Amino acid sequence: MKAGKDTLEKLVFETEVEIKNKDGLHMRPAMQFVDIANQFDSDVIVSNSDTEVDGKSIMQMSMLAAICGSKLKIKAEGQDAHEVVNALKELVEEKHFDEPMPKKK
Amino acid sequence: MEIKKGIAVSPGISIAKLLVIDSEDYRIPRRSINPSQRITEIQRIRNAFKDASEELSRLEAEHDKAEGGKIKDIFAVHLRFLRDRSLRKRITDLVHAESVTAEYAVSSVLRQIASEFAKVNDAYMSERAADIYDIERRLLKQLLGKKREEVGHLTEEVVVVARELSPTRTAGFDKKFVKGIASDAGGRTSHAAIVARSLGIPAVVALEDLTEYVSGGDTIIVDGNRGIVIVNPDGQTIEQYKEYSKEFVELEHRLDAIREEPAVTRDGSRITLLGNIEFPDEAEVVLEKGGDGIGLYRTEFLYLNSASEPTEKDHYEAYAETVRVFSEKPVTIRTADLGADKYTQSRRFAPEPNPFLGLRSIRFCLQNLMMFKTQLRAILRASILGDVKIMFPLITNRQELMQAKMILRDVMEDLDEESISYNKDIQIGIMIETPSAALTAFSLARDVDFFSIGTNDLTQYTLAVDRGNELVSTLYSTVDPAVLRLIRTVIQDAHKSQIDLSVCGEMASEPEYIMLLLGMGVKTMSLSPPMLPEIKQIIRSVTIEDCNKVARKVLGMNAERQISAYLRNSTRKILPEAF
């Protein structure tokens, strides 16, 4: 995780996460994601290799269609950028959205 | 501008904004709006989102723990979509940019999103498209459904557009505001059509997919004379129709002028014209239109309009009200004709596979004696107020008639014991509306005072055609040679037995069939009240001699089409403005 430019009062943080739960970022995980993102003031931008979407919009998040193994970049801009990025990273990589993981081969 | 052809079921012209009710198939066509209207549409979208969210929150709470929280999760996700500002923005942006209706914008954006989901190469994700469709439906239900509630308390004139209308629903329309009816399904003799005719609301049915072509607020012309509707007519068409509508009203007025004149043919034969009514307040319409009484008082409304079975008092009050209006003129009350498409099926635990051949009408009454006796008591009590006759529907054999009469005698005895007065000589009649009754009319005639031919059911049962099914409704014709032969038998048997005979089916409301009926020897007809003046005009323009010729000719014809065309031509010569 690295801190970006500190422009006036706006903090910018970004990180990269990997979707590890079996069914990917489907509806329920997307809901959890935007619920957390919406608890913070910062703008949240999520992107995969080709699209960039609003991390507070369930419509846009679910359209990312991130499946298991996808890598996403989470970028936050605002006063609480650091906190929101941390919270989202925890949800995706540690809690795996409380979803089942793929069976180990 | 779009013109669609259907079946004209209730005459008259109306031009008004349309109101879509009961829309279940939500295929919303693209509709442009005036740019100044965009703000209203955007507000409607906001309200729809708000109301749909409230509905979802309720559903989410209700399904709290059920099914391991899965259903709750689904609603929770849908709720997030509704709260998603970027989704709403995409929809309102579309309204802004392209000036389209709220319905179209919602439908178009959500379907776009759904198709994007469907494209994702992952089964789990692609199936989520169904959720988006669900959200679309919920929003559209708010947008379209809102108006449904408004039908109850309308404040401006509208044309009601629906896939299908039940008679009960149609009967609930406020005549002051509902100026026209147009529906996808239905046929000439569907009960909703009958109700529309009774209320005098122009109606066109069997428009197949009209609801998919319109959205609330469009202007529509309903031409209940020609059987067409015109959606979003241009200025010139509206002007033409206003003119046409004026002419039609003038014709009506001219017909009203003969209201006080008797229904006598040019060669002096007096014909009795009665009205068919569904509700007590229609009795006034019959008098207004110059009717000589009521030939068919349908009593189903008493059962259809309330959740519980009507009491004797409910029955009595409805009958008394009507009988008082007519004082000495006849009022023929038909006992409950429930079943098939009315009432009993919808409340049945297991619907019958063939309701029209099942437990309906008199059969239903004979198996529900308490209910039947309640009605008979009320009719008998009302019989002292005027000239009340009692009529049993759908008799198929003599045994049924004897059973019904026996029950009536039981009720009379009860009344005697309680010293309640009634007309002991009340006339008893039956409807002839099944081929079996028509074929045995001679034997049935011995036990009744009158016959009334119910041409709708008689046609349906003779030709084995469901009158409401647009796939086969072209096969349905009252002037089919087979039906006419049965009708002739009934008329002849009634004459031989010297009992009264009337025709109370829709046939008697059709201008082109009047000469035929007169020629076949019919002297009493009971018809839809708004049609009374026009039918009287025809009667006053013909001679029985001419009619006899027409009937002889028709009864010698073998093809329905030939008969229809011939009858239309004969009538057109008499009353050209009727067509």
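Our subject is the structure that appears above.
The structure displayed is predicted, hence computed values, not measured ones.

Definitions and cut-offs
Residues numbered from 1 in each chain as written. Chains lettered and ligands numbered in written order. Predicted model: local features only at pLDDT ≥ 70, side-chain atom pairs only at ≥ 80, totals over all residues. Helix = DSSP H or I, 4+ residues; strand = E, 2+ residues; numbered from the N terminus. Buried ≥ 20, exposed ≤ 12 C-beta atoms within 10 Å, placed from the backbone. Contact = placed C-beta atoms within 7 Å. Pairing = 2+ DSSP bridges. Core = buried A, V, L, I, M, F, W, Y, C linked by C-beta atoms within 7 Å. Domains from an automatic or database assignment. Axes fitted to C-alpha atoms, helices over the stretch in contact; angles between N-to-C directions. Expected span 1.5 Å × (residues − 1). Arc of directions from axis to C-beta.

K.L.:
Describe the overall build of chain A, listing the residues and the values that go with them.
P.N.:
Check the secondary structure of chain A and you find three helices and five strands. What you see in chain A, going N to C, is helices and strands ordered as β-β-α-β-β-α-β-α. For chain A, the proportion of its 105 residues judged to be buried stands at 38%. Long-range pairs, those at least 24 residues apart, make up 71% of the contacts in chain A with a sequence separation of at least 6.

K.L.:
Please provide a residue-by-residue account of the pairing of strand β3 (residues 13-21) of chain B, values included.
P.N.:
Residue and element names in this part refer to chain B. Of all nine residues in β3, seven are buried, a share of seventy percent or more. Pairing analysis gives five bridges linking β3 to strand β7 (residues 219-223), with the strands arranged antiparallel. Along β7, the bridge assignment pairs Ser14 with Val222. One ladder, built from five bridges, connects β3 with strand β4 (residues 158-162); its direction is parallel. Each bridged residue has a counterpart across the sheet, and for Val20 the counterpart in β4 is Val161.

K.L.:
A description of the nonpolar core should follow, citing residues and the corresponding values.
P.N.:
All names here are of chain B. Formed by 92 residues in total, the largest nonpolar core has its most connected members in Val106, Val160, Val161 and Ala182. Ranked by residues supplied to this core, first place goes to helix α4 (residues 102-119) with nine residues. Three or more residues apiece are contributed to this core by two domains, here domain 1 (2-16 + 153-250) and domain 2 (35-150). Ala182 has contacts with Val159, Val161, Val204, Leu207, Leu210, Ile220, Val222 and Val229, leaving out every residue within four places of it along the chain.

K.L.:
I'd like a description of the sheet that holds strand β6 (residues 203-205) of chain B, backed by residues and values.
P.N.:
Residues and elements named next belong to chain B. The strand order across the open sheet formed by eight strands is β1-β8-β7-β3-β4-β5-β6-β2, and the pairing between neighbours is mixed. What marks the edges here is a single partner per strand, and that holds for β1 (2-5) and β2 (7-10). Recorded for the sheet is a direction-independent mean angle of 30° between the axes of neighbouring strands. Taken strand by strand, helix α10 (residues 235-257) contacts β3, β7 and β8 (228-231), and its axis lies near 115° from that of β3.

K.L.:
Tell me about helix α13 (residues 312-326) of chain B, residues and numbers included.
P.N.:
Residues and elements named next belong to chain B. Taking 1.5 Å per residue, 15 residues should reach 21 Å; α13 reaches 21 Å between its end C-alpha atoms and fits that length. Inspection of α13 places His315, Tyr316, Ala318, Tyr319, Thr322, Val323 and Phe326 among the buried residues, and these make up the whole buried set. Viewed end-on, α13 has its buried residues packed into an arc of 165°, placing them on one side of the element. A positive phi of about 35° marks Ser327, the residue just after α13.

K.L.:
Go over the environment of B:Val264, please, and point to the residues and values.
P.N.:
Residues and elements named next belong to chain B. The topology assignment puts Val264 in the loop between α10 and β9 (272-277). Here Val264 falls in the partly exposed class, since 13 other C-beta atoms lie within 10 Å of it. Beyond its immediate chain neighbours, meaning those up to four positions away, Val264 contacts Ser269, Arg270 and Arg540.

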